[in-house]
There are 2 protein chains.
Amino acid sequence: MTKNERVNLINSVGGYKSANLIGTISGESVTNLAIFSSVVHIGANPPLLGFVVRPIAAVSRHTYENIGKIPFYTINHVHREFIEAAHRTSARFGADESEFAACGFTEQYVGDFAAPFVKESKIKIGLEFVEEIPIKINDTILIIGEIKHLLLPENLLLENGSVDLSAAGDVCISGLDTYYDAEKIATFPYAKPNKLI
Amino acid sequence: MTKNERVNLINSVGGYKSANLIGTISGESVTNLAIFSSVVHIGANPPLLGFVVRPIAAVSRHTYENIGKIPFYTINHVHREFIEAAHRTSARFGADESEFAACGFTEQYVGDFAAPFVKESKIKIGLEFVEEIPIKINDTILIIGEIKHLLLPENLLLENGSVDLSAAGDVCISGLDTYYDAEKIATFPYAKPNKLI
């Protein structure tokens, strides 16, 4: 395999991934927005999400550097209406140019929370940085944050507390470049050993 | 919110998650199979995948304990045909009972690789444990493994090296209980700052 084919293979072989835009702000007040497919649930209480960055890669370096200085950031779901613009945030924009303006997204601020939310996203999360965990084997870092704000329309909240991702028009990703619509097929009860579902 | 509603909310708010069955074997040669939605891409070279376990939770404890003794495990994609059986592996089976037999999956072995693959899965990955990274804030652990085997039908490999997840019938998950079909909507080229896609 070529190097590119190998990158595509390994990036797709773990299965579908979430699609999120992470918003940050630099010490010089330049906002940054970058698409990530590595957001992972860490725990519900306290409410924690993680994501993996590779600081030597240009695309995620600004996100990492900004959080190091101003430890607040936002995670905003990607909906099918704006997948092209969301994908464009992965281009190597300069440190003095905001992907919000360059890719057509609108900054939204909530109270005195420092980081910009994406107005166009229906599900927006404001997080405070908690911990960075180095993954030494390949110089990546797991960034963990605690959820401080959660903004979503009430009609996306299901009775059991879950968010209805398909009603929001959320997409998922495979590899580095492919976007998918998702359609609900089943919800199952809590599983018990001696009972068929 | 009730405690359950809060758990459902935070488990769903990061977006869609991959659906994988992780296969392990104990020091007493009892196989274990458990569904995980926390598999995350760590890097392509070396080829690394991570997943998050909470060892105090009964469901993921056997997986964690087994890898601690026999450091090989498998990650097997979940397809729509067997989502019910896959979900059932999350029940609290005893340490002497294999979820393979209890939930209707077939063990498959490859060469002298110690851990069992899921025969029914079209995309199967054999990994060697590399590192466990404690996430102290909530007693979870990121387990990192290096891909040693990759088994899939050649017709699922796309020209650019990616795996065609929708052709495989892969599903994704939101929260703890909801399964989704995914349908490809777009593949975009590598993004550049001065070019619209």
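Keep in mind the model is a prediction, meaning the values are calculated, not measured.

> So what exactly am I meant to see when it comes to the overall build of chain A here?
When helices and strands are tallied, chain A shows four helices and 12 strands. Expected size for 197 residues packed as a compact globule is a radius of gyration near 16 Å; at 17 Å, chain A falls within 12% of this value. Along the longest, intermediate and shortest principal axes, the C-alpha atoms of chain A span 55 × 50 × 35 Å. Expressed as a percentage of its 197 residues, the buried residues of chain A come to 56%. Taking the contacts inside chain A whose residues are at least 6 apart along the sequence as the reference set, 60% of them involve residues at least 24 apart. Summed over all atoms, the accessible surface of chain A reaches about 8100 Å², with 50% contributed by carbon and sulfur. Here chain A contributes 17 positive and 23 negative side-chain charges, whose respective centroids are spaced 6 Å apart.

> Quick question: what am I supposed to make of the relation of the copies chain A and chain B here?
Superposition of the two copies of the chain requires a rotation about an axis together with a shift along that axis. After a rotation of 180° and a shift along the axis of 0.0 Å, chain A superposes on chain B with an RMSD of 0.0 Å. The symmetry that links the two subunits is that of a two-fold axis. The position closest to the rotation axis in chain A is occupied by the C-alpha of Ala182 of chain A, lying 2.2 Å away. An overlap of 100% is found between the interface residues of chain A and their copies at the interface of chain B, pointing to a shared contact surface.

> Can you help me understand the pattern of salt bridges in this one?
Side-chain pairs of opposite charge can arise whenever the charged atoms involved come near each other. Under the defined criterion, the tally for this structure stands at eight salt bridges over all chains. Glu146 of chain A is paired through a salt bridge with Lys148 of chain A; the nearest N and O atoms lie 3.9 Å apart. On the accessibility criterion, Glu146 of chain A (22% relative accessible area) is partly exposed. Across the pair Asp164 of chain B and Lys184 of chain B runs a salt bridge whose closest N-O atoms are separated by 3.7 Å. Taken together, the positions of Asp164 of chain B in the loop between strand E10 (140-151) and strand E11 (171-174) and Lys184 of chain B in strand E12 (residues 178-187) put the pair 20 residues apart, joining distant regions of the chain. On the accessibility criterion, Lys184 of chain B (34% relative accessible area) is partly exposed.

> Mind showing me how you'd approach the confidence of the model for chain A here?
Detailed reading of the predicted coordinates is not advisable wherever pLDDT is low. For chain A, mean pLDDT is 95; residues scoring 70 or higher make up 98% of the total. In the model output, the complex is listed with pTM 0.96 alongside ipTM 0.95.

> For this particular structure, what's the right way to read the interface of chain A and chain B?
It is common to give the size of an interface as the accessible area lost on bringing the parts into contact. Between chain A and chain B, the contact holds 88 residues from the first and 88 residues from the second. Of the roughly 7500 Å² buried at the junction of chain A and chain B (both faces included), carbon and sulfur atoms supply 64%. Three residues stand out in chain A for area buried against chain B, namely Val13, Tyr16 and Phe188 of chain A, and they jointly supply 10% of the buried area on that side. Taken together, the links from chain A to chain B amount to zero salt bridges. At the junction of chain A with chain B, the criterion picks out 34 residue pairs in polar contact (both at pLDDT 80 or more). With 10 residues, strand E12 (residues 178-187) of chain A is the single largest residue contributor to the side of chain A that touches chain B. Among the residues making up the side of chain A that touches chain B, the classes are represented as 45 nonpolar, 25 polar and 18 charged. The pairing of E12 of chain A with E12 of chain B spans nine bridges and is antiparallel. Residue Lys184 of chain A lies in a different strand from E12 of chain B, and its bridge partner there is Tyr180 of chain B.

> Please explain the sheet that holds E11 of chain B as it appears in this structure.
Two modes of strand pairing occur in sheets, parallel and antiparallel, and in both the strands are linked by backbone hydrogen bonds. Pairing is antiparallel across the open sheet formed by six strands, whose spatial order is E1(A)-E11(A)-E12(A)-E12(B)-E11(B)-E1(B). Taken across any chain shown, the strands that pair with only one partner, and hence form the sheet edges, are strand E1 (17-18) of chain A together with strand E1 (17-18) of chain B.

> Can you walk me through the side chain of Ser38 of chain B in this structure?
Tracing the backbone through its elements, the reader meets Ser38 of chain B in the loop between strand E3 (31-36) and strand E4 (40-43). A distance of 3.0 Å separates a polar atom in the side chain of Ser38 of chain B from the backbone nitrogen of Val52 of chain B.

> Explanation requested: the pairing of E12 of chain A in the structure shown.
A regular strand carries its side chains on alternate faces of the sheet. Residues and elements named next belong to chain A. Both strand E11 (residues 171-174) and E12 contribute to a ladder of four bridges, which runs antiparallel. Paired with Ser174 across the bridge in E12 is Thr178. Following E11, the chain reverses through three residues before pairing antiparallel with E12; Gly175 in that reversal takes a positive phi of roughly 60°.

> In this structure, what is going on with the sheet that holds strand E9 (residues 124-135) of chain B? I would like to understand it.
If you trace the seven strands from one edge of the open sheet to the other, you get E3-E2-E6-E9-E10-E5-E4 (chain B), paired in antiparallel fashion. Each edge of the sheet is formed by a strand with only one pairing partner; in this case those strands are E3 and E4 of chain B. This sheet shows a mean twist of 35° between the axes of neighbouring strands, independent of strand direction. In terms of strand pairing, strand E2 (residues 20-25) of chain B meets strand E6 (residues 72-77) of chain B through four bridges, oriented antiparallel. Residue Ile22 of chain B lies in a different strand from E6 of chain B, and its bridge partner there is Ile75 of chain B. Each of E4, E6 and E10 of chain B is contacted by helix H1 (residues 3-12) of chain A, which is oriented at about 150° to E4 of chain B, the strand it contacts most.

> Is there a simple way to think about the nonpolar core in this case?
Ranked by internal contacts, the top residues of the largest apolar core, which has 56 residues, are Phe51 of chain A together with Phe51 of chain B. Judged by nonpolar contacts, the second largest core, of 21 residues, contains Phe188 of chain A together with Ala86, Cys103 and Ile173 of chain B.

The rules behind the values
- Counting restarts for each chain: residues are numbered from 1 in the order of the written sequence.
- Key to labels: chains lettered from A, ligands numbered from 1, both in the order written.
- Residues qualify for local features only when their pLDDT is at least 70, as the model is predicted, and side-chain atom pairs are given and counted only at 80 or more; totals for whole chains, interfaces and linings, by contrast, use all residues.
- To obtain the side-chain values, all non-hydrogen atoms of the structure were used and water was disregarded.
- Runs of H or I in DSSP of at least four residues are treated as helices and runs of E of at least two as strands, each being numbered from the N terminus.
- Atoms counted for the radius of gyration: C-alpha only. Globule rule: 2.2 Å times residue count to the power 0.38.
- Burial status follows relative accessibility: with a 1.4 Å probe on protein chains alone, a residue under 20% of its type maximum counts as buried, one over 50% as exposed, and anything between as partly exposed.
- Note on contacts: a residue pair qualifies if any of its non-hydrogen atoms lie within 4.5 Å across the two residues.
- Each accessible area value is a Shrake-Rupley result obtained with a 1.4 Å probe; residue values ignore everything except the protein chains displayed when judging cover.
- Charged-residue counts in this description rest on Lys and Arg as positive and Asp and Glu as negative, His and the chain ends being excluded.
- Lysine's charge is taken at NZ, arginine's at CZ, aspartate's at CG and glutamate's at CD.
- Copies overlap after least-squares fitting; the atoms used are the C-alpha atoms of residues with pLDDT of at least 70 in both.
- Only one rule defines a salt bridge in this text: a Lys or Arg side-chain nitrogen within 4 Å of an Asp or Glu carboxyl oxygen.
- Per-residue confidence from the predictor is given as pLDDT, running between 0 and 100.
- Two parts placed together each lose some accessible area under a 1.4 Å probe, and the buried area is that loss summed for both.
- Whenever two N or O atoms come within 3.5 Å, that pair is a polar contact, provided that in protein one can donate a hydrogen and the other can accept it, and provided that, for residues adjacent in sequence, both atoms are side-chain atoms.
- The residue classification treats Ala, Val, Leu, Ile, Met, Phe, Trp, Tyr, Cys and Pro as nonpolar and Asp, Glu, Lys and Arg as charged. All others, Gly included, are polar.
- Pairing between strands is defined by DSSP: at least two bridges between them are needed.
- The convention used is that axes are lines fitted to C-alpha atoms, helices contributing only their stretch in contact, and that angles between N-to-C directions extend from 0 to 180 degrees.
- Note on terminology: a nonpolar core comprises buried Ala, Val, Leu, Ile, Met, Phe, Trp, Tyr and Cys residues joined through side-chain atoms within 4.5 Å.

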